Structures are given as structure tokens and as C-alpha cells.
Amino acid sequence: MKRSMTACLLAVLTLSACTRTTLPTQSRPHDTRSFKAVTPTFTALTGASIYQGVMPGLHGDAAYAIEVPATWNGQLIMYAHGYAGDGPDLKVQAPALRAYWLSLGYAWAASSYSANYYDVQAGVEDTNALANAFPTLTGRAKPTKTLIMGVSMGGHVAGAAVEKETAQTAKNRTTYAAAMPVCGVMDEDYEFQWLGDYTLAAAQLAGVGPKTFPQGSDTYRALLPDILGALFTSTTDPLWQENATQGAKLREIARNLTGGPRPAFELGFRAGYWQKAVLGTGGADGTITGILPRNIYGNATTTYRWTTGATPTAAETAFNAGLVRVTPAQDPNPTLTGKVRYLPRVNGEISVPVLTLHTTGDFYVPFKHQQLYRAAVTAAGNGGRLVQRAIRAAGHCEFTDPELVEGFNDLVKWEAGGAKPAGDDVTTPVVLADPNYGCTFTRGTRPGVDACPAN
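Residues numbered from 1 in each chain as written. Predicted model: local features only at pLDDT ≥ 70, side-chain atom pairs only at ≥ 80, totals over all residues. Heavy atoms only, no water.

**Notes on the packing of helix α6 (residues 188-205) against helix α7 (residues 217-231)**
Phase 1 of the analysis: The contact between α6 and α7 brings their axes to 9 Å, and the two run at 65 degrees. Regarding the angle of α6 to α7, the classification is roughly perpendicular. Relative to α7, α6 is oriented so that their crossing is left-handed. Judged by residue contacts, Thr199, Ala202, Ala203 and Leu205 of α6 engage Tyr220, Ile227 and Leu231 from α7.
Phase 2 of the analysis: Looking at the contact of α6 with α7, its residues break down into six nonpolar, one polar and no charged. (Axes fitted to C-alpha atoms, helices over the stretch in contact; angles between N-to-C directions. Helix = DSSP H or I, 4+ residues; strand = E, 2+ residues; numbered from the N terminus. Parallel < 35°, antiparallel > 145°, perpendicular 65-115°, else oblique. Left-handed = near helix turned anticlockwise from the far one by under 90°. Contact = heavy atoms within 4.5 Å. Nonpolar A, V, L, I, M, F, W, Y, C, P; charged D, E, K, R; others polar.)

Structural data, given as C-alpha cells:
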């Protein structure tokens, strides 16, 4: 569900009256960054032809790769990669299903995007531009059908690519027949709400919570050893161990913020790699490292709970009273002329089939994304176009090939006129809390995750 604010609440930071104004254009740190597109050096798989190089993108040049099988079925799959860090080099990532797609006769294509960082705007625009350039770059006919699959941040790209707002505002417009976002950011506000909430709660529980916002990344990093020492008895990878006092409270706050009780949550919470990834975002100013012109984070109305009673305990009330409270800036993610927003919206306004996969214990891009996406799609009247599947695993994007293959096959059969495939209920608490939740579409047992009952 999207964050709703009244005009008065949005205006309170900068205006004396409850009057909407158009904010002046504001530059972003991201506007000054430069990158280098690295021409891919993939070797074509047997029986396929590969095309790779550099082409103009939204932010500058972007690298690309396209692979077409000898017996092409006329269809193209665009692959959107996940977050690639903040380095200068832009590199194409090959999809996990590359060989499988080619064996079925599909061509695939992927862009490096023309910028790193969390630049989903470039991801959408550059992926669309590459899809449109397929005939020119390959000398082939225009595809009869184009689908899109994205992973993690690329899931945000894939989800946004089939939104009504994107279709109406993108500089590069492409029509997709279906989308498969996996482990994706399916609510653009929530991901950064989660990162801000968790790092603030951890610092407050450790007794070093900030009194002002933004705290500053350097200040936060200096305090991080004390935060970890107050909350965890062990931070030795691969699995950390929270202590039974403040650490246990943090675990339960995180459980509530990320989707409620469900299998593999605790294993995901203790995964050191992903704890470091989440905790490493602390102290940020809410602009997503300069992607937005203004702060998008807010917790003014959030109540943090580690108990499950009907009302907060005295300790929870005191904890919430002591936390710094933040209101988002007015219009932090504005509409733009001639291109999608800096942080493209995922509103649930879809007109094609969408099938998602998400691991239940994902600590980096939490399972709650699927709950919020379901709510948005249903509110937009498009619930019949969405299938969601829960995978019993703790890691971010920790899918087996059979899980991805099954999801893809079911999606394309559905898009081609077949019956809507089955999915999971991602919103009913009692369903998610069942120890066997996610067994229907999980293929393979992960270490530390209880096996499903034998059929």
C-alpha cells in the first residue's frame, strides 16, 4: 500500500500554510556522476549468434548483449540485472536461464544500464531502448512478442516496465507481453522505509540512536561496532547470533516490519552477509545516495513493536517516544518531462500477466514487498493478472533453477492463452505462519530450512 500523506503533512517542513506548490528543479549528486560502458565478451552458446557492444543510454553509454538461437521462435526476453554497486564500470550480466531460453528458441537481451547506483530510471529506459533497437542491432525482424524478467533491483525494473505510468511517461516506450520480477523491489517507497527503520531501531536499541536526521553515514559507521556489540553475541559469518535482550527485540521488530511470522525468517535475519548489507545503509539522508533530489524516508507514524499484544507495552511506548521522527520532504520523487521518474513507480496498474517469486526469509528485499504489491494490484482492479509464489529460502534471490524454470514456463503458457497458474497467498497471517508455508513451489531443500512434508 502506498504511503498516503495529506497536503498539510507534506507541507509542514517548508510551508507555513497548507498550500501545494511546485518545487523548483533541484540537481542531484547522481547528475554529476560518470560511468564507462564495458563491451561484453560473452562467447555465444552452441547454435546461437551473439551481438554485443555499446549504445547510447539515458545517462550516457550503456553496454549490451543480445543472443539469438539458430532456430529462433521470434520472441525476445529482456533481462534486467540487479544492483551493481557504485563503481564506474557498467557491465552486462547474463541471465541464469540463458541456456534454457535459447534451448526453447527464445532470444534474450540485456543492458548494463547507463549508470550504476540504484538507478532504476536508467534501468527501465535503457532496457526499453535496447528492446526497440533489436532489429537494428541484429539485422533480424522485429520480435513478435517481448517479455521481461528482472532480478532484485531488476525486479523493480521489470515491475515498473509494465506499469501504466511507465507506458505513458517513458522516453523509450516498449510493449511487453508479460513480466517476471523475482526477489524484486515491488514497492519503491517501502524498500527505503525498511532500510531506514531497521538501522534507526538497531541504533536506538543499542542506546546510541541519533537525535537528528540525517545522522550522516560517517557518524553511523563509527558507532556501528558499538551497535553490533550491544545486539549480537556473535557476528562471525556466515550466521550471526543475536543476544536474548536487545538483539531479540530487534529480531522481532524486523519480523513485524518485513511481513510477519513465516518460515526461514530467523535464518534470513541471522545471515551475516545480508545483515551487513542492510546495516551498511545506516545514517543515510533519504535520497538513495543521490538518486532523488529530496528525502523520501519517513517514520512519523510508525510504531515499532517487538511484542504481539493488542497494544504496545510500556517499554515499547518508551522506545518509540525516544526515536528520532522524520517526515519525508515534499514530492521527493517528482514526475519528470519526457522520461520516467527517478524512482519509477510500481502502482499495480498492469495490463499483462505478471508472475513473481520471492524467498520468505529475504532480509535485504523483504517478503513484505509481495504483500504491498498484491495490495496495490488488487486496489487497481488487476488482481487476476498477478500470480505470486513463495520460496522457502533465507537468502536474497536464492532460487534453484527448477523454481525459475517452472515459474517461467507457467508464465508463458498463461500469457499464450492457457489457464492462470496457481500461486501462494502472500497476505493472510495465519497462512504465512504455517511451518509448511511455501512448500507448493519450493524445489529443493536449503540447509537450515525445514524440509516440506513428503507428498
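**Here's the deal with the pattern of salt bridges**
Phase 1 of the analysis: In total, this model carries 18 salt bridges according to the counting rule given.
Phase 2 of the analysis: Look at the salt bridges and you will find they share partners, linking Glu242, Arg251, Glu252, Arg255, Glu266 and Arg270 into a network. (Salt bridge = Lys/Arg side-chain N within 4 Å of Asp/Glu carboxyl O.)

**Remarks on the sheet that holds strand β6 (residues 107-111)**
Phase 1 of the analysis: Spatially, the eight strands line up as an open sheet ordered β2-β3-β6-β4-β7-β8-β11-β12, and their pairing is mixed. Two strands bound the open sheet, and with one partner strand each, they are β2 (48-56) and β12 (386-391). When the angles between neighbouring strand axes are averaged without regard to direction, this sheet yields 15 degrees.
Phase 2 of the analysis: Pairing of strand β7 (residues 145-151) with strand β8 (residues 179-182) involves four bridges; the strand directions are parallel. Bridge pairing links Val151 to Val182 in β8.
Phase 3 of the analysis: Seen against the sheet, helix α4 (residues 153-161) touches β4 (75-80), β7 and β8 and runs at an angle of roughly 145 degrees to β7.
Phase 4 of the analysis: The strands touched by helix α13 (residues 401-415) within the sheet are β4, β7, β8, β11 (354-359) and β12, with β11 carrying the most contacts at an inclination of about 165 degrees. (Pairing = 2+ DSSP bridges.)

**Topic: the state of the cysteines**
One covalent bond between the sulfur atoms of two cysteine residues makes up a disulfide.
Phase 1 of the analysis: Overall, the coordinates contain two disulfides when judged by the stated rule.
Phase 2 of the analysis: Residue Cys183 pairs covalently with Cys397 via a disulfide, S to S 2.1 Å. Across the disulfide from Cys183 to Cys397, rotation about the S-S bond amounts to roughly 95 degrees, and the bridge is consequently right-handed. Separated by 214 residues along the polypeptide, Cys183 in the loop between β8 and α6 and Cys397 in the loop between β12 and α13 bring together distant segments of the chain.
Phase 3 of the analysis: The exposure class of Cys183 is buried, given its relative accessible area of 0%.
Phase 4 of the analysis: Across the disulfide from Cys439 sits Cys452; the S-S distance is 2.0 Å. Taking the torsion about the sulfur-sulfur bond, which here is approximately -95 degrees, the covalent link between Cys439 and Cys452 counts as left-handed. Taken together, the residues Cys439 in the segment after α14 (429-432) and Cys452 in the segment after α14 connect sequence positions 13 residues apart.
Phase 5 of the analysis: Judged by its relative accessible area of 18%, Cys439 is buried. (Disulfide = S-S within 2.5 Å. Buried < 20%, exposed > 50% of the residue type's maximum accessible area, 1.4 Å probe, protein only.)

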